[in-house]
There are 2 protein chains.
Amino acid sequence: MALKALSSLSSNEYETFLNSFDTVLSDCDGVLWLESEVIKGSPEVINKFKTSGKKIFYVTNNSTKTRDQFLDKFKKLGFNATKEEIIGTAYLTAQYLSSLNFNKKVYLIGSPGIAKELDSVGIRHIGVGPEPMPTSLPELVDNLNLDPEVGAVVVGFDIHFSVPKVVKATSYLERKGSIFIATNTDERYPLDVEGIIMPGTGAYVAAVQTAAERKPIIMGKPEAYIREYLVNKHKINPSRTLMIGDRCNSDILLGKRCGFQTLLVLTGVTDIEQAKAWKESADKDENALVPDYYTNRLGDLLPHL
Amino acid sequence: MALKALSSLSSNEYETFLNSFDTVLSDCDGVLWLESEVIKGSPEVINKFKTSGKKIFYVTNNSTKTRDQFLDKFKKLGFNATKEEIIGTAYLTAQYLSSLNFNKKVYLIGSPGIAKELDSVGIRHIGVGPEPMPTSLPELVDNLNLDPEVGAVVVGFDIHFSVPKVVKATSYLERKGSIFIATNTDERYPLDVEGIIMPGTGAYVAAVQTAAERKPIIMGKPEAYIREYLVNKHKINPSRTLMIGDRCNSDILLGKRCGFQTLLVLTGVTDIEQAKAWKESADKDENALVPDYYTNRLGDLLPHL
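The name that an unreviewed UniProt entry assigns to chain A is 4-nitrophenylphosphatase, with the source organism given as Homalodisca liturata. Listed in UniProt under the heading Sequence similarities (unreviewed entry), the comment for chain A reads: "Belongs to the HAD-like hydrolase superfamily."

Structure representation (structure tokens):
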């Protein structure tokens, strides 16, 4: 049944499909909007899902914004969203540490967005902002001033990533019992400028992970931590949940790992030829990227709702 | 025969062993010295090898020094070394690009040591030194000024590693035909300060490699490029070559990959219990770390020379 076009369903089958889930998780960029432009029909579909009683969650790997900041964008683009429906990796990081009753300090390689989410659950942190390199390594080592209270390291997207930050993160991670969290491991940050590639959080996580010689727990897609969060906090039923995404190796893979149904829309990263090739592949890792359903755009569902 | 103690050899067997190689490759830190302290007996053994007609090469993953800078240290500690015998990764990088008749520019994440080695073979380069991050990503993107002549990226140890450097390296690596070189992939830089871990070149290579979504050619141990260099440039015979090291996952693994004989000395990183465990392991990757011979220290050979 995998990789079935929604357009090939009979109206009975379509109805069965729509009744088979009562929770919808949706990726944002590439499904709902492209940068600051809404994708036609997406707000109407999501809003109709909601008025018909389905739970909605917006799932994004972006760690630089708080939920309040995301909410502004959702409202501006016509989504009847609430703060509770928005699950970013900054928020998940704060929730995760909170669920552990973490009461030490976090050393944070990241942005003010994560810092604010930690603040909102009362978790102390240090590290945000520039930390310039002194002129030599001995000078760095002599003036490092490690904080004895740090018991966790969080790595997210940080434009001020520097050698002193990696040294501190790695040294803190050597402490017994220390917690290591990465917001996500995206290789690249979406940027549509000819000839320029913007490294994603995954690049900086790779540096810290290599030197620390240990792996982080990852909050973002495609890691399954989000399932634990949604089941515990929002009592969702995974088998009656639909994950919608434009990118198979994050959105769809997340859905498959969590036991959700999956729908690929073709308004973003993955194209249908790629998905078909993965379906035919003998490689199980590639098979795991194949969604249950696909459609050109989310707005295609509108006439059926 | 693997993991045989030199001390268990009969004098005939010892002689056979000593006659079985005419080239000696030696790691430096942990075999010849520890930081700035010579390890007793090491200079005498190396110097005797040399006077008895064996070729000597010093093989180090350190990319921050030129061969001239290394030579000073060798002489100060009593080794009759020549510049040609010193094979550092900065030198290998310059040799490798030179062997390709590379005539574009190198974008270098690294130290003045690599820069000087590139200068000495006439290869143009940019990138050494601090490159601070502007206050925002859009500002960075607007002022990136990528150089149209860059056709290779080299990543070595660089205390000024920063986001603009990763963005540039990754963008250059997206160019068709561009060359990607890492001096080494050591996870940590040796530093004996309580509570502080110093990330090695491997951490910064991991960041660039992740964002570039491609792997570099690696100059340093345990990658086998050095074999190609020594066979082509110095006509060594791998089966009559002995690799001496203190660290199995770089020195000994290099030797095994290159078809050299291997000798572990116990004055550095790997201890004998660890080596024995790898010998008994069912894991082939761990078996590949087991040296042919071991001895407490290099100076143990002195009475037999």
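A. Representation of the interface of chain B and chain A. Across the contact, 40 residues belong to chain B and 40 residues belong to chain A. Buried surface at the junction of chain B and chain A, summed over both partners, amounts to about 3100 Å²; 71% is from carbon and sulfur atoms. Linking chain B with chain A are four salt bridges. Taken together, the connections running from chain B to chain A amount to eight residue pairs in polar contact (both at pLDDT 80 or more). For the side of chain B that touches chain A, the elements supplying multiple residues, two or more each, are helix 6 (137-142), helix 7 (163-173) and helix 8 (201-212) of chain B. In terms of residue class, the side of chain B that touches chain A is built from 26 nonpolar, nine polar and five charged.

B. The domain arrangement of chain A, seen in detail. Residues and elements named next belong to chain A. Under the domain assignment, chain A is made up of domain 1 (4-61 + 221-304) and domain 2 (103-218). Centre-to-centre separation of domain 1 and domain 2, based on C-alpha positions: 31 Å. Facing the five residues of domain 1 at the interface are four residues of domain 2. Interface area, domain 1 with domain 2, both sides summed: about 520 Å², of which 44% is carbon and sulfur. At the boundary of domain 1 and domain 2, one finds zero salt bridges. In this assembly, domain 1 and domain 2 are joined by two residue pairs in polar contact (both at pLDDT 80 or more). Split into classes, the residues belonging to the side of domain 1 that touches domain 2 amount to one nonpolar, one polar and three charged.

C. Representation of the sheet that holds strand 5 (residues 55-60) of chain A. Residues and elements named next belong to chain A. If you trace the seven strands from one edge of the open sheet to the other, you get 1-16-15-14-2-5-6, paired in parallel fashion. Edge positions in the open sheet fall to strand 1 (4-5) and strand 6 (86-88), since each of these has one partner strand only. Against the sheet, helix 2 (residues 42-51) touches strand 2 (23-26), strand 5 and strand 14 (241-245), its axis set at about 140° to strand 5.

D. How the structure looks around the sheet that holds strand 9 (residues 150-155) of chain A. Residue and element names in this part refer to chain A. The five strands lie next to each other as 8-7-9-10-13, forming an open sheet whose pairing is parallel. Bordering the open sheet on either side are strand 8 (125-126) and strand 13 (217-218), each of which pairs with just one other strand. Along the sheet, helix 4 (residues 89-99) makes contact with strand 7 (105-109), strand 9, strand 10 (179-182) and strand 13, crossing strand 10 at roughly 160°.

E. Structural detail: the pairing of strand 9 (residues 150-155) of chain B. Residue and element names in this part refer to chain B. Counting buried positions over the six residues of strand 9 gives six, a clear majority of the element. Relative to strand 9, strand 7 (residues 105-109) runs parallel, the two being bridged by five bridges. Along strand 9, the bridge assignment pairs Tyr107 with Val153. In this structure, strand 9 lies alongside strand 10 (residues 179-182), joined through four bridges in parallel fashion. Bridge assignment links Ala152 to a residue of strand 10, and that residue is Ile179.

F. Up close: the pattern of salt bridges. Tallied over the entire structure, the rule returns 26 salt bridges over all chains. Here B:Lys165 and B:Asp158 are joined by a salt bridge, their closest N and O atoms 2.8 Å apart. Side by side, B:Lys165 and B:Asp158 carry an identical accessibility label, which is buried. Linked through salt bridges whose partners overlap, the residues forming this network are A:Lys105, A:Arg124, A:Asp147 and A:Glu149.

What counts, and where the lines are drawn
Every chain is numbered independently, its residues counted from 1 as its sequence is written. Just so you know, chain letters begin at A and ligand numbers begin at 1, following the order they were written in. Side-chain atom pairs in this predicted model are given and counted only at pLDDT of 80 or more, local residue features only at pLDDT of at least 70, and totals for whole chains, interfaces and linings cover all residues. By convention in this description, side-chain values take in all heavy atoms of the structure and omit both hydrogens and water. UniProt positions are given in the numbering used here, feature names are shortened, and annotations may be inferred rather than shown by experiment. Two residues form a contact once any of their heavy atoms are found within 4.5 Å. In short, buried area is how much 1.4 Å probe accessible area vanishes from two parts on joining, totalled over both. The rule for a salt bridge is simple: a side-chain nitrogen of Lys or Arg has to be within 4 Å of a carboxyl oxygen of Asp or Glu. In protein, a polar contact requires one atom able to donate a hydrogen and another able to accept it; more generally it is a pair of N or O atoms within 3.5 Å, and residues adjacent in sequence count only if both atoms are side-chain atoms. Strands are runs of DSSP state E lasting at least two residues, helices are runs of H or I lasting at least four, and both sets are numbered from the N terminus onward. Under the scheme applied here, ten amino acids are nonpolar (Ala, Val, Leu, Ile, Met, Phe, Trp, Tyr, Cys and Pro), four are charged (Asp, Glu, Lys and Arg), and all others, including Gly, are polar. All domain edges in this entry derive from an automatic or database-based domain assignment. A pair of strands is treated as paired once DSSP finds two or more bridges between them. Angles shown run from 0 to 180 degrees and are taken between the N-to-C directions of axes, each axis being a line fitted to C-alpha atoms and, for helices, limited to the stretch in contact. Each residue gets one of three labels from its accessible area relative to the maximum for its type: buried under 20%, exposed over 50%, partly exposed in between, using a 1.4 Å probe on protein chains only.

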